[in-house]
Amino acid sequence: MLFADDVVLVDESRAGVNRKLELWRRTLESKGFRLSRTKTEYMMCDFSATRHEGGDVSLDGQVVVQKDTFRYLGSVLQKDGNIDEDVRHRISAGWLKWRQASGILCDKEGAIKAKRQIL
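What you see as residue numbers is a count from 1 along each chain, following the sequence as written. Local features are withheld for residues below a pLDDT of 70 in this predicted model, meaning they are given only at 70 or higher, and side-chain atom pairs are given and counted only at 80 or more; totals for whole chains, interfaces and linings count all residues. Just so you know, side-chain values use all the structure's heavy atoms and leave hydrogens and water out.

Within the chain, Asp60 stands out as a residue other than glycine whose phi angle is a positive 55°. Comment: elements are numbered from the N terminus, with helices defined as DSSP H or I runs of at least four residues and strands as E runs of at least two. For Asp60, the location among the structural elements is in the loop between strand E2 (58-59) and strand E3 (62-63).

All right, on to the environment of Arg25 then. Locating Arg25 in the fold gives a position in helix H1 (residues 14-30). Under the relative-accessibility criterion, Arg25 is labelled buried at 10%. Only heavy atoms enter the contact rule, under which two residues are in contact if any of them lie within 4.5 Å. For Arg25, the residues in contact, after removing those within four places along its chain, are Leu35, Arg37, Leu59 and Asp60. Only protein chains enter the accessibility calculation, which uses a 1.4 Å probe; a residue is then buried when its area is under 20% of its type maximum, exposed when over 50%, and partly exposed in between.

As a further point, take the confidence of the model for the chain. Per-residue confidence for the chain gives a mean pLDDT of 77, with 75% of residues at or over 70. pLDDT expresses, on a scale from 0 to 100, how confident the predictor is about each individual residue. No element of the chain has a lower mean pLDDT than helix H3 (residues 112-118), at 66, and none a higher one than H1, at 89.

Take a nonpolar patch on the surface next. A cluster of nonpolar side chains, namely Val7, Leu9 and Trp24, defines an oily patch on the protein surface of about 210 Å² accessible area. As for its placement among the helices and strands, Leu9 is situated in the segment before H1. Exposure above 30% relative accessible area and no salt bridge define the residues that can form patches, which grow by joining like charges within 9 Å and nonpolar side chains of Val, Leu, Ile, Met, Phe, Trp and Tyr within 5 Å. Calculation of accessible area relied on Shrake-Rupley with a 1.4 Å probe; when residues are assessed, cover is drawn exclusively from the protein chains displayed. Should a side-chain nitrogen of Lys or Arg be within 4 Å of a carboxyl oxygen of Asp or Glu, the pair is scored as a salt bridge.

Another point: the pattern of salt bridges. As enumerated under the stated definition, the model contains five salt bridges in all. We note a salt bridge from Asp11 to Lys20, for which the minimum N-O separation is 3.4 Å. Looking at Lys20, the relative accessible area reads 34%, which means it is partly exposed. Of the charged contacts in the structure, one is a salt bridge between Arg25 and Glu22, with a shortest N-O distance of 2.3 Å. One end of the pair is Arg25 and the other is Glu22, both in helix H1 and three residues apart, which spans about a single turn. A network of salt bridges, in which partner residues are shared, links Glu22, Arg25, Glu29, Arg37 and Asp60.

This part covers the nonpolar core. Definition of nonpolar core: a set of buried residues of the types Ala, Val, Leu, Ile, Met, Phe, Trp, Tyr and Cys, connected through side-chain atoms within 4.5 Å. Core analysis: the biggest nonpolar cluster contains seven residues, these being Val17, Leu21, Leu35, Tyr42, Val57, Leu59 and Val64. Those residues in contact with Leu35 that sit more than four places away from it in its chain are Leu21, Trp24, Arg25, Leu28, Thr40 and Leu59.

This is how it looks when you write it as structure tokens:
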């Protein structure tokens, strides 16, 4: 049995999300898979203060639950745009590794063999 836990559909409107969700459902079911109606959820990030649209996101006639946070690939995304502490830690760790590697990579005197091992 195949499970796809983290799938994100993005659109600028609920109607667009509904269209994409329906296309996703039909495509999966045509291949013999089922999209879980109970586990499917959505999060709306409203980056425009002027545009508010009503309505629900639905899957095959059933209303999909709206969440304020969404776990995707091990990180928690929030509808207000705040960055999760886990994401901050990953960014810091990435910069730390870059600073460690850049000393060797940018050194004109450094050995080519050592630079190749880093890359």
